Amino acid sequence: LLLISSGLIMTPIVPYLKILGVGSSLCFFAAFMNSSTSAFMYRRTGREIYKKGTLKTLKYGILSRVVLSLLMAVLIIYKEIAVGIILIYAALGITWSYIIIPSFSYMSKTAEKDREGGAFGAFNFFYFLGLLTGNFLSGIIVDLFGYEVNMFLAIILLLIVIVNLKNSKIKEKKIDLKKIYG
């Protein structure tokens, strides 16, 4: 559900910007900023996992994505606010690192010993299947019901994930960050 919602959120942003009259160069720049903010946050996310734990970091990422998606939905409802949508699109990149890194961490901590490779393979399969499903559904939902409904469905999926994570308990493994980050 987490990755389906990501596909629902991210896929329609550039087409929507084009509808608002944003040029291709600015759309590409917005996508670049989204990817860049995510990449710049990976190390910090690792540190956050160490300090706060995997589930708290993951919940923070999901809640941040919910808030930003709500803001995006409001801007879409009011239309004509392309600059705000571009800024939120860039900020959504930050939430990606707070979602994907803890997700991998969570999966590795819950995998059976000596079966981590298979667990990573299955995780990646469902990871990309979720994104593909979200991307595909996004087009259908936008065509049938509009951008606003698409965003609200994504937010509902994220909230379901948060509720399911609330009851999850895993043992945190402490890692010596000095060995990793120097």
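Keep in mind the model is a prediction, meaning the values are calculated, not measured. (Residues numbered from 1 in each chain as written. Predicted model: local features only at pLDDT ≥ 70, side-chain atom pairs only at ≥ 80, totals over all residues. Heavy atoms only, no water.)

1. What to know about the overall build of the protein
- A count of helices and strands for the protein gives eight helices and zero strands.
- What you see for the protein is a C-alpha radius of gyration of 17 Å, in line with the 16 Å of a compact globule of 182 residues.
- The dimensions of the protein, computed from C-alpha atoms along their principal axes, are 50 × 35 × 25 Å.
- By sequence separation, contacts in the protein at least 24 residues apart represent 84% of the contacts at least 6 residues apart.
- Here the protein holds 20 positive side-chain charges and 9 negative ones, and the gap between their average locations is 9 Å. (Helix = DSSP H or I, 4+ residues; strand = E, 2+ residues; numbered from the N terminus. Rg over C-alpha atoms; globule rule 2.2 N^0.38 Å. Contact = heavy atoms within 4.5 Å. Lys, Arg positive; Asp, Glu negative; His and termini not counted. Charge placed at Lys NZ, Arg CZ, Asp CG, Glu CD.)

2. Considering a nonpolar patch on the surface
- Together, Leu-1, Phe-136, Leu-137, Ile-140, Leu-144, Phe-145, Val-149, Leu-153, Ile-156 and Ile-160 make up an exposed nonpolar region whose accessible area comes to about 910 Å².
- Of all elements in the fold, only helix 6 (116–145) and helix 7 (147–166) reach the threshold of two or more residues within the nonpolar patch.
- Counting residues per element, the nonpolar patch draws most heavily on helix 6, which supplies five residues.
- Examined against the element boundaries, Ile-140 turns out to sit in helix 6.
- We classify Ile-140 as partly exposed; its relative accessible area is 35%. (Patch = residues over 30% accessible without salt bridge, like charges linked within 9 Å, V, L, I, M, F, W, Y side chains within 5 Å. Areas by Shrake-Rupley, 256 points an atom, 1.4 Å probe, with all protein chains shown as cover. Salt bridge = Lys/Arg side-chain N within 4 Å of Asp/Glu carboxyl O. Buried < 20%, exposed > 50% of the residue type's maximum accessible area, 1.4 Å probe, protein only.)

3. Re a positive patch on the surface
- Together, Arg-43, Arg-44, Arg-47 and Lys-51 give the surface a local cluster of positive charge.
- Position of Arg-43 relative to the elements: it lies in helix 3 (residues 24–52).
- Residue classification places Arg-43 among the partly exposed residues on the basis of a relative accessible area of 45%.

4. So, the pattern of salt bridges
- Taken as a whole and judged by the stated rule, the model has one salt bridge.
- A salt bridge links Lys-52 to Glu-48; the shortest N-O distance between them is 3.1 Å. In this pair, Lys-52 and Glu-48 are both assigned in helix 3, four residues apart and thus about one turn of the helix distant.

5. Concerning the side chain of Thr-45
- Looking at the secondary structure, you find Thr-45 in helix 3.
- For Thr-45, a relative accessible area of 0% corresponds to the buried category.

6. Focus: the nonpolar core
- Ranked by internal contacts, the top residues of the largest apolar core, which has 39 residues, are Ile-13, Leu-17, Ile-62, Met-72, Ile-85 and Leu-92.
- Within the residue set of this core, elements represented by two or more residues are helix 1 (2–10), helix 2 (13–19), helix 3, helix 4 (54–78), helix 5 (82–110), helix 6 and helix 7.
- Those residues in contact with Met-72, other than ones at most four positions away along the chain, are Ile-13, Ile-85, Ile-88, Tyr-89, Leu-92 and Met-151.
- In terms of nonpolar packing, the next biggest core, distinct from the first, is built from eight residues, Leu-3, Met-107, Ala-111 and Leu-131 among them. (Core = buried A, V, L, I, M, F, W, Y, C linked by side-chain atoms within 4.5 Å.)

7. Observations regarding the packing of aromatic side chains
- Tallied over the entire structure, the rule returns 10 aromatic pairs.
- Taking the centre distance of 4.5 Å and the plane angle of 90° together, the rings of Tyr-127 and Phe-128 count as edge-to-face.
- Tyr-127 gets classed as buried once you look at its relative accessible area, which sits at 9%.
- With relative accessibility at 46%, the residue Phe-128 sits in the partly exposed group.
- Taken together through their ring pairs, the aromatic side chains of Trp-96, Phe-104, Phe-120, Phe-123, Tyr-127 and Phe-128 make up a single cluster. (Phe/Tyr/Trp six-rings, centres within 6.5 Å; stacked < 30°, edge-to-face > 60°.)

8. Observations regarding the confidence of the model for the protein
- When pLDDT is averaged across the protein, the result is 84; 91% of the residues are at 70 or more.
- Mean pLDDT per element in the protein: helix 8 (residues 177–181) is the minimum at 51, and helix 3 is the maximum at 91. (pLDDT = per-residue confidence, 0-100.)

9. Comments concerning the packing of helix 1 against helix 5
- At a minimum axis distance of 12 Å, the contact between helix 1 and helix 5 shows a crossing angle of 165°. Taken together, the axis directions place helix 1 and helix 5 in an arrangement best described as roughly antiparallel. The hand of the helix 1/helix 5 crossing is left-handed. Between helix 1 and helix 5, the residues in contact are Leu-2, Leu-3, Ser-6, Ile-9 and Met-10 and Tyr-89, Leu-92, Trp-96, Ile-99 and Ser-103, respectively.
- Looking at side-chain class alone, the contact of helix 1 with helix 5 contains eight nonpolar, two polar and no charged residues. (Axes fitted to C-alpha atoms, helices over the stretch in contact; angles between N-to-C directions. Parallel < 35°, antiparallel > 145°, perpendicular 65-115°, else oblique. Left-handed = near helix turned anticlockwise from the far one by under 90°. Nonpolar A, V, L, I, M, F, W, Y, C, P; charged D, E, K, R; others polar.)

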